[in-house]
Amino acid sequence: MTNPLLAAWATPFEIAPFDRISDDDFAPALDEALSAHNAEIDAIASNPEAPSFANTIEALEGVGEALNKVLSVFFTVAGADSNPTREALQRDFSPKLAAHFAEISGNKALFARIAAVWEARDTLDLTDEQARILMIAHRDAVRSGAALVGDQEKRMKEIKGRLAVLGTQFTQNLLADEREWFMTLAEEDLEGLPEFVVSAAHAAGKEKDAGSPVVTLSRSLIVPFLQFSPRRDLREKAFRAWEARGANGGETDNRAIAAETLALREERAQLLGYDNFARFKLETEMAKTPDAVRKLLMEVWEPAKAQANADAEVLTEMMHADGVNGDLAPWDWRYYAEKRRAAEHDLDEAALKPYFQLDRMIEASFACATRLFGLEFTPLDVPLYHADCRAWEVTRGGKHVAVFIGDYFARGSKRSGAWCSAMRAQAKFPKVQSPVVINVCNFAKSDPALLSYDDARTLFHEFGHALHQMLSDVTYESVSGTSVARDFVELPSQLYEHWLEVPEVLGEFATHATTGEAMPKEMLDKVLGAATFDMGFQTVEYVASALVDLEFHDGAPPADPMAKQAEVLDALGMPAAIRMRHATPQFAHVFAGDGYSSAYYSYMWSEVMDADAFQAFEEAGGAFDAERAKALETHILSTGGSRDAAELYVAFRGRLPGVEALLKGRGLAA
């Protein structure tokens, strides 16, 4: 019988046939796909014809279809619906895949052909996109170690293999800590909690088969618990467990993994001739250098810290007025900030939340895409990997554009956070293919499902990534969709968040879960007026994480990352009652893989652009200005990585932005 992962997918829009795929299919399918990929690469490398763009660079664009199919399905379920079998497979696959791609990057015959085409580039009459993918192919080959020989080449392969193992282990340790811990709540422990938190705690208890409501380490449950529970002892217990993820000792402790990862990255960079890993990593980003990143972050840090310190004084006075003496603690901040928000903005999260129904917010994100880009969304009835998932066909003018899959609810089998990925990316070569895009979130499950305002922003954020994938219109998959510089990839997602704040969007889609009535204008005004509330806290926790990440990689790797983290935070004057958004042992952005390593700053870099880009809409005809929407699609959303990121932004806006719009948008401008 043909393995369903490798067979032709005779399904609507060639979506993976999840109902026919079992965990037993993955290992044999991967072996077969790796073998096929090796044969394809060998055929290119050993081609007796003289190297050309078509038989080398373009040929590389056309290989690996079977491998892409296997990995797209496996990594989707491994991240969003894991189980012990899939975790074991991931541990097995990681070094195998690292060795496979290290073998390709070390293929001297293949590199010689790429280098020959690169040397002849000025004589080839290439399109701009072809010139771009040639540059990327040559650059990435060199950066992967293709020019290394002898012991250096051997060591590079060892480093890549070990880093792959460590990244998988870090992720699985964090998932284990998040999955295993929960705090049971007696009925009296629920007092003071709004109904939506009580409902979420009961749903989590049911999922854990705990026999009572529980608090888990899912952000969508623990954050509102910290906001609303009047029980300081329970808040402290929950916060300490949340803070201790990946640092509990024993088999799931990530601290030694972080130290080894940093040392191996440094060695990798030096093998390639760079002073340190940050300089290696940032070379291909918009920022280019660690100094440029540090400059941006410090321009934001100082006003954010000043605001946070001022806020801390107010919250401490509130706590003392409650009869709690001593210093404001991290498990106190959200509780008193919520009370302050209710007092100063007369905004009650419990009263607000019924207006943010998940289904209505999905509709809102779709409706904005319809008005801006002419996209239409029709539900699809197809088998998916979990009962919580939903799918839609995306069309424009009656023509198929993409398939969009949403997987919104938290569960023990899903890693924390939210993300977007393309199970299939848009391309026109070697064949025309439309994207299959998935958004994964971790919202608390209830009936009906209600979101916080931050949850709704997350939904819009991830859908912005999805639009980047769905509206891609390039020839080659390697520069399709979100295949852009890391500090540019967050621009479309963070920009799309702004449409949630457009009054007419909330006025139409923020309807009450029970009455169906629109959010009252008075409440709507308060929501928008409180948009920058507690922004000192939010900015400090993020920028602290970004600066720690940068300092980890810009210089000699620390033997003790936790000591280095403390040193960096102390030098910054980190407010005592605020913690990093992602402390080292749970910093999956940085240690689960190389994606955001030395690049967690990129959210802030992109925010500088997104604040400026939305300002362009406001300066024109408003949030739905047709000309600006067309320019956004033409110059950013459709172009992927086919042109330099700075060039794309200037084409859209006419100039590069400064930090002023960001500070104003966050309410931190002087």
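Structure: above.
Along each chain, numbering runs from 1 in the same order as the chain's sequence is written. Residue-level local features of this predicted model are given only where pLDDT is at least 70; pairs of side-chain atoms are given and counted only at 80 or more, and the full residue set underlies all totals for whole chains, interfaces and linings. Note that the side-chain values use all heavy atoms of the structure and ignore hydrogens as well as water.

**With respect to the overall build of the chain**
Our working rule: Helix numbering and strand numbering both begin at the N terminus, where a helix is a DSSP run of H or I of at least 4 residues and a strand a DSSP run of E of at least 2. Radius of gyration here uses only the C-alpha atoms, and the compact-globule reference equals 2.2 Å multiplied by the residue count raised to the power 0.38. To sort residues, take the accessible area from a 1.4 Å probe on protein chains only and compare it with the maximum for the residue type: under 20% means buried, over 50% means exposed, and anything in between is partly exposed. Between two residues, a contact is recorded if the distance between any of their heavy atoms is within 4.5 Å. Under the convention used here, a 1.4 Å probe and the Shrake-Rupley method define accessible areas, while residue burial counts only the protein chains that appear. For the charge count, each Lys or Arg is scored as positive and each Asp or Glu as negative, with His and the chain ends excluded. Lys charges are placed at NZ, Arg charges at CZ, Asp charges at CG and Glu charges at CD.
If you tally the helices and strands in the chain, you get 27 helices and seven strands. Taking 26 Å as the expected radius of gyration for a compact globule of 670 residues, we find that the chain reaches 25 Å, a close match to that expectation. For the chain, the spread of C-alpha atoms along the principal axes amounts to about 80 × 60 × 55 Å. The 670 residues of the chain split such that 58% are buried. Here the contacts in the chain between residues at least 6 apart in sequence split such that 74% fall between residues at least 24 apart. Accessible area of the chain: about 26,600 Å², with a carbon and sulfur share of 51%. One way to put it: in the chain the 66 positive side-chain charges average out to a point 1 Å from where the 103 negative ones average out.

**Some points on the packing of aromatic side chains**
Here is the rule we go by: Note on aromatic contacts: the rings of Phe and Tyr and the six-membered ring of Trp form a pair at centre separations within 6.5 Å, being stacked when their planes are under 30 degrees apart, edge-to-face when over 60 apart, and tilted otherwise.
Following the criterion strictly, the structure yields 37 aromatic pairs and no others. Relative to Tyr496, the ring of Phe460 has its centre 5.5 Å away and its plane inclined at 25 degrees; by these criteria the two rings are stacked. Of this pair, Phe460 sits in helix α17 (residues 453–470) while Tyr496 sits in helix α18 (residues 486–497), placing them 36 residues apart in sequence. The pair formed by Phe460 and Tyr496 is uniform in burial state, with each residue classed as buried. Plain terms: the ring middles of Tyr542 and Tyr600 are 5.0 Å apart, the flat faces sit at 45 degrees to each other, and that makes the pair tilted. Residue Tyr542 is located in helix α21 (residues 535–553), and its partner Tyr600 is located in the loop between α23 (588–591) and α24 (602–619); the two are separated by 58 residues in the primary sequence.

**Examining the environment of Ala599**
With respect to the helices and strands, Ala599 occurs in the loop between α23 and α24. What makes Ala599 buried here is its relative accessible area of 0%. Placed 593 residues apart in sequence, Ala599 and Leu6 show a C-alpha to C-alpha distance of 35 Å. With near-sequence residues (within four places) excluded, Ala599 lies in contact with Lys281, Arg486 and Asp549.

**Let's talk about the state of the cysteines**
To be explicit about the condition: Any two cysteine sulfur atoms within 2.5 Å of one another count as a disulfide.
Under the criterion given, the structure shown has zero disulfides. The closest cysteine sulfur to the non-disulfide-bonded Cys420 is located on Cys441, 9.6 Å from its own sulfur. A relative accessible area of 1% places Cys441 in the buried class.

**Digging into the environment of Lys237**
Assignment of secondary structure puts Lys237 in helix α10 (residues 232–243). Leave out the neighbours within four places in its chain, and Lys237 touches Trp181 and Met183.

**A short note on the pattern of salt bridges**
Put simply, the rule is: Within this document, salt bridges are pairs made up of a side-chain nitrogen of Lys or Arg and a carboxyl oxygen of Asp or Glu, the two lying within 4 Å of each other.
Going through the model one piece at a time under the given rule, you end up with 56 salt bridges. A salt bridge links Arg579 to Glu243, with the nearest nitrogen and oxygen atoms 2.5 Å apart. One end of the pair, Arg579, is in the loop between α22 (561–572) and α23; the other, Glu243, is in helix α10, and 336 residues separate them in sequence. With a relative accessible area of 28%, Glu243 lands in the partly exposed category. Within the structure, one salt-bridge network assembled from shared partners comprises Asp23, Asp81, Arg86, Asp388, Asp407, Arg411, Lys414 and Lys445.

**Considering the pairing of strand β7 (residues 436–443)**
Rules: Only strands joined by at least two bridges in the DSSP assignment are considered to pair.
Across the eight residues of β7, eight count as buried, placing the element largely inside the fold. Side chains Val436, Ile438, Val440 and Asn442 of β7 all project onto a buried face; the interleaved residues Val437, Asn439, Cys441 and Phe443 project onto the opposite face, where all are buried too. Pairing of strand β5 (residues 399–409) with β7, which is carried by six bridges, proceeds in the parallel orientation. Considered in β7, the bridge of Phe409 is made with Phe443. Pairing of strand β6 (residues 419–424) with β7, which is carried by five bridges, proceeds in the antiparallel orientation. Within β7, the residue paired with Ala422 across the bridge is Val437.

**Quick look at the packing of α18 against helix α25 (residues 626–637)**
Each packed pair of helices is defined by two parameters, the angle between the axes and the distance between the axes. How we decide: Every axis corresponds to a line fitted to the C-alpha atoms, with the helix fit spanning only the stretch in contact, and the corresponding angles, defined between N-to-C directions, vary from 0 to 180 degrees. These descriptions rest on fixed angle ranges, namely under 35 degrees for roughly parallel, over 145 for roughly antiparallel, 65 to 115 for roughly perpendicular, and the rest for oblique. The sense of a crossing depends on the near helix, which, turned anticlockwise from the far helix by less than a right angle, makes the crossing left-handed and, turned clockwise, makes it right-handed.
Axis separation between α18 and α25 bottoms out at 12 Å; the angle between their running directions is 155 degrees. Taken together, the axes of α18 and α25 lie roughly antiparallel to each other. When you trace α18 past α25, the crossing you get is left-handed. Mapping the contact onto sequence places Phe488, Leu491, Pro492 and Leu495 in α18 and Leu632, Ile636 and Leu637 in α25.

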